[in-house]
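Residues per chain, in single letters:
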Amino acid sequence: MSNAAVAPESTVLDTTFARLREAFQAEPYPEVATRKAKLDALLANVREQREALVKAMSEDFGHRSWHESMTYDVLQVVNHIRYAKRNLRGWMAPEPVPLAWTYQPARAEVLSQPLGVVGVIAPWNFPVQLALVPIVYAIAAGNRVLLKPSELTPATADVLASLLEQSLGSDWVGVVTGDAEVGAQFASLPFDHLLFTGSTRVGRLVAKAAAENLTPVTLELGGKSPALVHPDFPTERAAELVAFGKLANSGQICVAPDYVLVRKDQASALVTALQTAMSDMYPKFLENRDYTAIITDRHRARLQELLDDAEQKGAQVLRVNPGNEELEGNGKFVPAIVRGVTNEMRVMQEEIFGPVLPIVETESYEAMAEVVNQGERPLAMYILDKNEARISELMKQTHAGGIAVNETLITAGIESLPFGGVGKSGMGSYHGREGFDTFSHRKSIFRQSRFNLRNLVSPPFGRTLERLLDWLI
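J.: Is there a simple way to explain the nonpolar core in this structure?
T.: Leu164 and Val255 are the most contacted members of the largest nonpolar core, which totals 93 residues. By residue number, the principal contributor to this core is helix α4 (residues 66–92), which donates 11 residues. Not counting residues up to four positions away in its chain, the partners in contact with Leu164 are Leu42, Leu132, Ile135, Leu147, Gly169, Val173 and Val175. Ranked by size, the runner-up nonpolar core spans 28 residues in total, among them Ala315, Ala336, Met345 and Val360.

Below, the structure written as structure tokens:
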């Protein structure tokens, strides 16, 4: 195990941070070749160690689908590195800015400058993607990075620490591990930017700690992301899309469909189609290598508490278990569809983060926007409809971090689109050009010409300036 992965005391945190700060000050503007070389090394090591990463993630989860780990974690990182490399020279190039004739023949431009030392606090649900993708953009922008992986994925953290040290070196990246106390110390460091991915509750604490140093933050949180099904959209197709989005990674995704909005007279047909779609995707669970386990016993217990609370308050819980298997002690959780939900139920108050799907029935399609707007703004929203006019109107009426039309999950996987929340689902964004800009300072630069109007606007003022001002205004 790499020394960088040893659980730190605050002194180790401070020492690691100081090392990275000193390295940045020695090279405050790495050239494009240097940055590309670092990204090349990271890409090579991710590809070479992909099986080790997948094995570690499965060890941490108890079982994680090989295909999901390779697709959602490893491939995502590879795609983002390639995208950043392809666009890096253009992102770094000074950006000319047009000037009014009164300033000409001077010139102006914007230069993207590295911020310094960036902190990344990564979650457990995609422990490779959500650790490395922010690092990709921070390195592309020329920064040093200090990473804190989740304490719930220690095996993955060990592999990441070794991989990053091999790829980038200790003067470009550091990895520290530990519990919530270490996380609090981490957030209190005077970073030049801090990115946190996790729950809204912890996000508040991170933002508060960062505020002491006036550290700018990017918060990638979550919330209750809805899927809205128009009555004209094919029911079976809607069920397939929602089932896929809900059961990938066993629902442990910040952009998973948290609940479905459907018109009341079509709810039964959709529920039946959902049961069929889920059973077709996962005809069994116990020995199914495609179905990922829930990360800990505590998280499984919380999901069961949500269902118990809903049933006690009058909801109908439909477990989708085609093989009638007993999963107790296996780490997996049988999917559940919940009908008859009300706002008093925890299942409609908390982000679910698991394979539990509430069905919210409305009198009309138009009423669905009201339901969305009554809650906190979600990280994602899914519109299943074929009418462009209705889709455009719904987009204008509602807020969400990102929207996918006739698809689920996809917004978080496209490297050229910014990814981020709005309101309590987060602040700031990264991925693509926005990722580079997030970890850069866009410095304004003005280059005065030898010939200019400086004398007109300097004291002592005269009648010529008065006439010019009168004409300009």
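J.: Would you explain the packing of aromatic side chains in this entry?
T.: The way to describe two aromatic rings as a pair is by their centre distance and the angle between their planes. Taken as a whole and judged by the stated rule, the model has 14 aromatic pairs. Centre to centre, the rings of Phe17 and Phe191 are 5.4 Å apart; their planes meet at 85 degrees, and the pair counts as edge-to-face. Pair noted here: Phe17 is in helix α1 (residues 10–26) and Phe191 is in the loop between α7 (180–187) and β6 (193–197), with a separation of 174 residues, a long-range link. Overall, Phe17 belongs to the buried group, its relative accessible area being 8%. Where Trp124 meets Phe353, the ring centres are 5.5 Å apart and the plane angle is 80 degrees; that geometry is what we call edge-to-face.

J.: For this particular structure, what's the right way to read α4?
T.: What sets the pattern is the α-helix's 3.6 residues per turn: residues three or four places apart point alike. If you check α4, its first and last C-alpha atoms are 37 Å apart, about what 27 residues at 1.5 Å a residue would give, namely 39 Å. Considering bend angle alone, the principal kink of α4 is centred on Arg86 and spans about 40 degrees. Structurally, the start of α4 carries an N-cap: the backbone nitrogen of His67 is 3.3 Å from a side-chain oxygen of Ser65.

J.: How do you make sense of a nonpolar patch on the surface when you look at a structure like this?
T.: On the surface, a cluster of nonpolar side chains totalling about 730 Å² of accessible area is made up of Trp101, Leu453, Leu469, Trp471, Leu472 and Ile473. Examined against the element boundaries, Leu453 turns out to sit in the loop between β18 (440–447) and α15 (463–472).

The rules behind each value
- Residues numbered from 1 in each chain as written.
- Predicted model: local features only at pLDDT ≥ 70, side-chain atom pairs only at ≥ 80, totals over all residues.
- Heavy atoms only, no water.
- Core = buried A, V, L, I, M, F, W, Y, C linked by side-chain atoms within 4.5 Å.
- Buried < 20%, exposed > 50% of the residue type's maximum accessible area, 1.4 Å probe, protein only.
- Helix = DSSP H or I, 4+ residues; strand = E, 2+ residues; numbered from the N terminus.
- Contact = heavy atoms within 4.5 Å.
- Phe/Tyr/Trp six-rings, centres within 6.5 Å; stacked < 30°, edge-to-face > 60°.
- Expected span 1.5 Å × (residues − 1).
- Bend = angle between axes of the 7 residues up to and from the residue.
- Polar contact = N/O pair within 3.5 Å; in protein donor to acceptor, adjacent residues only side chain to side chain.
- Patch = residues over 30% accessible without salt bridge, like charges linked within 9 Å, V, L, I, M, F, W, Y side chains within 5 Å.
- Areas by Shrake-Rupley, 256 points an atom, 1.4 Å probe, with all protein chains shown as cover.
- Salt bridge = Lys/Arg side-chain N within 4 Å of Asp/Glu carboxyl O.

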